[in-house]
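Letter by letter, the chains look like this.
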Amino acid sequence: MEEFRKAYVELCKESHAEPQETVLQQLHELQEVPGQSRLDLATQSLSLDTCRVLGKLLQTETLFTEITLSDCMLNEEGVGHLLNGLCSNTSVKSLDLKGNNLRALGAEAMGKLLRQNKSIKCLTLEWNSLGMWEEGFSLFCQGLGANRFLHCLDLRNNQINHQGAGELAMALKCNSSLQELDLRWNSIGLLGGRALLSCLHSNKTLRRLEVAGNNIPSDVLKAVEQAMDHNQDRLTMLAENHSRTRVLSKEVLSLKEEKAKQFLDLMDTIDKQREEITRSSRTSAARVGQLQEALNERQSVMNSLKAKLQMTEAALALSEQKVHNLGELLTATKQEQTSMTECQLKELRQQKQEAADREAKLLRDLSAANEKNLLLRNQVDELERRCKAQQDQVFQMKQDLANTTAELKLRAVQAEERLEMEKKRFKQGLEDMESLRLKEVDHMTHHMEASERSMQERIQRLEAIRLGLEEELSRVKAAAFAERGQAEEELIKVRGQARLEEQQRLDHLEEKLRLMTQSRDEAQNYCVHQKQAVGEAQVKVGHLTLQIEGLKRHVEELQQDLSGKEQEKVAEVNKVKVELQEQLGHLQAERTAQEGLREKITALERQLKVLSSSHREALMDKDSEISTLQEKLRMREAEICRIREEEAQRASFLQNAILTYVQGSPLRAHSPRK
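All values reported here derive from a predicted model rather than from experimental measurement.

This part covers the overall build of the protein chain. Regarding its fold elements, the protein chain presents 16 helices and 7 strands. Expected size for 674 residues packed as a compact globule is a radius of gyration near 26 Å; at 51 Å, the protein chain overshoots this value by more than 25%. Dimensions of the protein chain along its principal axes, counting C-alpha atoms only, are 175 × 75 × 45 Å. Counting across all 674 residues of the protein chain, residues that qualify as buried make up 33%. Contacts in the protein chain between residues at least 24 apart in sequence constitute 86% of all its contacts with a sequence separation of at least 6. Element-wise, carbon and sulfur atoms account for 54% of the exposed surface of the protein chain, whose accessible area totals about 41600 Å². Side chains of the protein chain give 98 positive and 108 negative charges; the mean places of these two sets differ by 4 Å.

Next up, the structure:
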């Protein structure tokens, strides 16, 4: 404030003008009040130089938000300087120019201010003469039509006639921000009242229009009041709709986020399962590759033995040619060779017998393992109740892959049956909830219709009383306006009495409106209960998803059991390989024994192929089961989304029905102003 005072003094010195003592004293008083943002120069006679200096200061000043210049006896040029300075101001929200006898130049400057200023929300121009000059008031109305920031305008006692009212009506058709307009105690008349009434059909933002004391007929006044009530109701309904749409949009966004999180979690679990399956397939492929490499090594060893055998045969042929003359020695050697071959044949027979005994022992072990598997099948129910004990025993026992796959298929079928049962239960619960909700809505609508009819009758009676009182008040005001100069004191008394009576009636009507708002709140509470029921249904859906996740974990445990069994099978295959390698080590010197071992190796390869094919089929079955479960999960999620959309549509339909019922009821059309 001190800086503003110093700037005022400096600008006065620069313009060779004496600063006014009254202005300095007023600025000094404002300086003593901390946090003051109001410049009050009311009833101060401001000179032209002071107006020019204040206009320059107010161009960039951001200290004041409210300026009061009422009853300052400003001339046209001084008002022009002040308003030109306020054109570029961005902090002033309220401007009071009451009782300054503004005329043509003032109206033009005011129109320019309204076109250029973007901060003034409230403008008071009471007790001026803006309507005396049609051209100046037309420019003022053009500025008002171009303004998009003014909310409140006071034009009382401005000598506005029916032509000025027509210009003002044209401006109101273009204006979309003005909410309150006071035109009392002018000379608008019947034509001006009709022009203002016609502009209210296109202007939906004006919610308060005061036109008393303008010689306007009562029917036009009633039509204006009804238009104002309609605009006010429309603004309140728009505010309620905006708040409800914000709440609903927040709920929809939260539901979308939850659904996205659930979908991402499900996709993560599916990706993990796929990674585990691919990892297991890679390990099995690596194992098969290792077995193939071992077989290739054995094949190379056999090929080297064949080469050595061919070399020995060639050496024998050379020795036969060399010792052809030594027949006796050859025969002796042949006899020795036959005896040795017989011994070797005996040894081979013994080794074959030992191999047959080992095979019989392996078959007995397999039969014992099958018997153990049968016993384990009988103990499955007890092992399910003791999950931890089952894991310890399953790793110790050798179960067959085909039995586990069959058990998995049975459990998948059971899971599907459980899902179908839960789906039927959920559908039945939703149908029951829908029937209950429809019954409650019917009961509420009947109750609301009865209360609407009773309240409508009461308000019609009160409206008739209010209309009679308003007609009487208009007659009293017309008589008071005719004798205004002679009986001003009596008019003040009549105004006070009329205000008291109107206040009493407004209090009574506000009580009735409060009761109606209570009934509306009850309907909103019912809607909230419906939303809670929808939330409970969503909680049930969450429980179903938890059950599905439990089934998934159970499937993962079974997959772990399968991996343990595969490890046991690999251990058995390794043992068989070790035994075969020992046999191959003993029979490497003999071609016949090698051929027998080749047959055994081919048989084992066939078994390995059969095992690998069965393992691949089991993996394919697992993949198909997982895909079916994923498809069922997707169908379940689609059904849940559909149910949620249906519930949202029903809630929106109920809300729209209530809104249309409230908007279309005659109670809203005749509701009084708040």
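Another aspect to go through is a negative patch on the surface. On the surface, D265, D268, D271, E275, E276 and E549 cluster together into a negatively charged patch. For the negative patch, the element with the most residues is helix α9 (residues 218-322), which contributes 5 residues. Note on placement: E549 falls in helix α14 (residues 488-586).

Moving on, we come to the nonpolar core. Counting 68 residues, the largest nonpolar core has L125, F140, L153, L155, L181 and L183 as its most contacted members. Not counting the four nearest positions on each side in its chain, F140 is found in contact with A107, M110, G111, L114, L125, L153 and L155. Within the second largest apolar cluster, 5 residues are counted, among which are L430, V541, I640 and I643.

Here we have 7 strands laid out as an open sheet, ordered β1-β2-β3-β4-β5-β6-β7, and parallel in their pairing. One side of each edge strand has no neighbouring strand; the edge strands of this open sheet are β1 (38-40) and β7 (208-210). Strand-to-strand, the axes of this sheet are offset by a mean angle of 0°, without reference to chain direction. Summarising the sheet, strand β3 (residues 94-96) and strand β4 (residues 122-124) pair through 3 bridges and their orientation is parallel. Looking at β4, one finds that D96 is bridged to T124.

It is worth spelling out the packing of helix α1 (residues 2-14) against helix α3 (residues 48-57) at this point. Packing of α1 against α3 brings their axes to within 10 Å, and their N-to-C directions diverge by 130°. As far as their axial angle goes, α3 and α1 are oblique. As α1 packs across α3, the resulting crossing turns out to be right-handed. Between α1 and α3, the contacting residues are F4, A7, Y8, L11 and C12 on the first element and T50, V53, L54, K56 and L57 on the second. Of the residues that constitute the contact of α1 with α3, the class distribution is 8 nonpolar, 1 polar and 1 charged.

On the surface, F263, L264 and M267 cluster together to form a nonpolar patch covering roughly 270 Å² of accessible area. Positionally, F263 belongs in helix α9. Taking relative accessible area as the criterion, F263 reaches 44% and is therefore assigned partly exposed.

What follows is about unusual backbone geometry. If you check the backbone angles, N101 has positive phi at about 55° while not being a glycine. By the secondary structure assignment, N101 is in the loop between β3 and α5 (104-116). The class for N101 is partly exposed, based on a relative accessible area of 37%. The phi angle at W185 is positive, at roughly 60°, despite the residue not being glycine. Of note, W185 is situated in the loop between β6 (180-182) and α8 (189-199). The class of W185 is buried, set by a relative accessible area of 15%.

On to empty space enclosed by the protein. Here the structure, examined in full by the defined rule, presents 3 cavities of 30 Å³ or more. Lining of the second largest cavity is provided by L58, I67, L69, V79, L82, L83, L86, L95 and L97. At 4 residues, helix α4 (residues 76-86) tops the list of elements feeding residues into the lining of the second largest cavity.

Here N128 lies in the loop between β4 and α6 (134-146). Within the local environment of N128, its side chain forms a polar contact with the backbone oxygen of E126, the two atoms lying 3.2 Å apart. Discounting residues that sit within four places of it in the chain, N128 has contacts with L97, K98, G99, N100, N101, L102, N157 and N158.

The next thing to look at is the pattern of salt bridges. Scanning all chains against the criterion turns up 16 salt bridges. In this structure, the salt-bridge partner of E647 is R650, at a minimum N-O distance of 3.2 Å. Taken as a pair, E647 and R650 lie in helix α15 (residues 591-664) at a separation of 3 residues, close to a single helical turn. Bridged by salt links that share partners, the residues K98, E126, D154, R156, D182 and R184 form one connected network.

With that out of the way, let us pick up the packing of α3 against α4. Between two packed helices, both the angle of their axes relative to each other and the distance between the axes serve to describe the pair. Relative orientation of the contacting elements α3 and α4 amounts to 10°, with a least axis distance of 7 Å. Considering their axes alone, α3 and α4 lie roughly parallel with respect to each other. Within the contact between the two elements, α3 uses L48, C51, R52, L54 and G55 and α4 uses E77, G78, H81, L82 and G85. When the residues that make up the contact of α3 with α4 are grouped by side-chain class, the tally is 4 nonpolar, 4 polar and 2 charged.

As for its placement among the helices and strands, Y526 is situated in helix α14. The spacing of Y526 and R437 is 89 residues in sequence and 9.7 Å in space, taken between C-alpha atoms. With residues up to four places along the chain from it excluded, the contact list for Y526 reads R437, E440 and V441.

The next point concerns α3. Count 3.6 residues to each turn of an α-helix, and residues three or four apart come out pointing the same way. All of the buried residues along α3 are T50, C51, V53, L54, G55 and L57. Elements that come into contact with the buried residues of α3 comprise α1, α2 (21-32) and α4.

We now examine the state of the cysteines. Inspection of every chain in the model, using the stated rule, returns 0 disulfides. Between C87, a free cysteine, and C51, which holds the nearest cysteine sulfur, the sulfur-to-sulfur gap is 15 Å. According to the relative accessible area criterion, C87 is buried, its value standing at 8%.

Another aspect to go through is the environment of R634. Locating R634 in the fold gives a position in helix α15. Overall, R634 belongs to the partly exposed group, its relative accessible area being 44%. Note: C-alpha distance between R634 and F263 (371 residues apart in sequence) is 9.6 Å.

Before going further, it helps to examine the confidence of the model for the protein chain. For the protein chain, per-residue confidence averages 81 on the pLDDT scale, and 92% of positions sit at 70 or higher. Low confidence marks residues 666-674, where pLDDT is under 50. Its contacts with residues over four positions away, or in another chain, come to 21 contacts.

Another aspect to go through is α4. All of the buried residues along α4 are G78, V79, G80, L82, L83, G85 and L86. As for α4, its buried residues are in contact with α3, β2 (66-68), β3 and α5.

Criteria and cut-off values
Residues numbered from 1 in each chain as written. Predicted model: local features only at pLDDT ≥ 70, side-chain atom pairs only at ≥ 80, totals over all residues. Heavy atoms only, no water. Helix = DSSP H or I, 4+ residues; strand = E, 2+ residues; numbered from the N terminus. Rg over C-alpha atoms; globule rule 2.2 N^0.38 Å. Buried < 20%, exposed > 50% of the residue type's maximum accessible area, 1.4 Å probe, protein only. Contact = heavy atoms within 4.5 Å. Areas by Shrake-Rupley, 256 points an atom, 1.4 Å probe, with all protein chains shown as cover. Lys, Arg positive; Asp, Glu negative; His and termini not counted. Charge placed at Lys NZ, Arg CZ, Asp CG, Glu CD. Patch = residues over 30% accessible without salt bridge, like charges linked within 9 Å, V, L, I, M, F, W, Y side chains within 5 Å. Salt bridge = Lys/Arg side-chain N within 4 Å of Asp/Glu carboxyl O. Core = buried A, V, L, I, M, F, W, Y, C linked by side-chain atoms within 4.5 Å. Pairing = 2+ DSSP bridges. Axes fitted to C-alpha atoms, helices over the stretch in contact; angles between N-to-C directions. Parallel < 35°, antiparallel > 145°, perpendicular 65-115°, else oblique. Left-handed = near helix turned anticlockwise from the far one by under 90°. Nonpolar A, V, L, I, M, F, W, Y, C, P; charged D, E, K, R; others polar. 1 Å grid on protein atoms, 1.4 Å probe; cavity = no way out; pocket = protein on both sides within 12 Å on 5 of 7 lines; lining within 4 Å. Points joined across faces, edges and corners; volume = space filled by probe spheres on them. Polar contact = N/O pair within 3.5 Å; in protein donor to acceptor, adjacent residues only side chain to side chain. Disulfide = S-S within 2.5 Å. pLDDT = per-residue confidence, 0-100.

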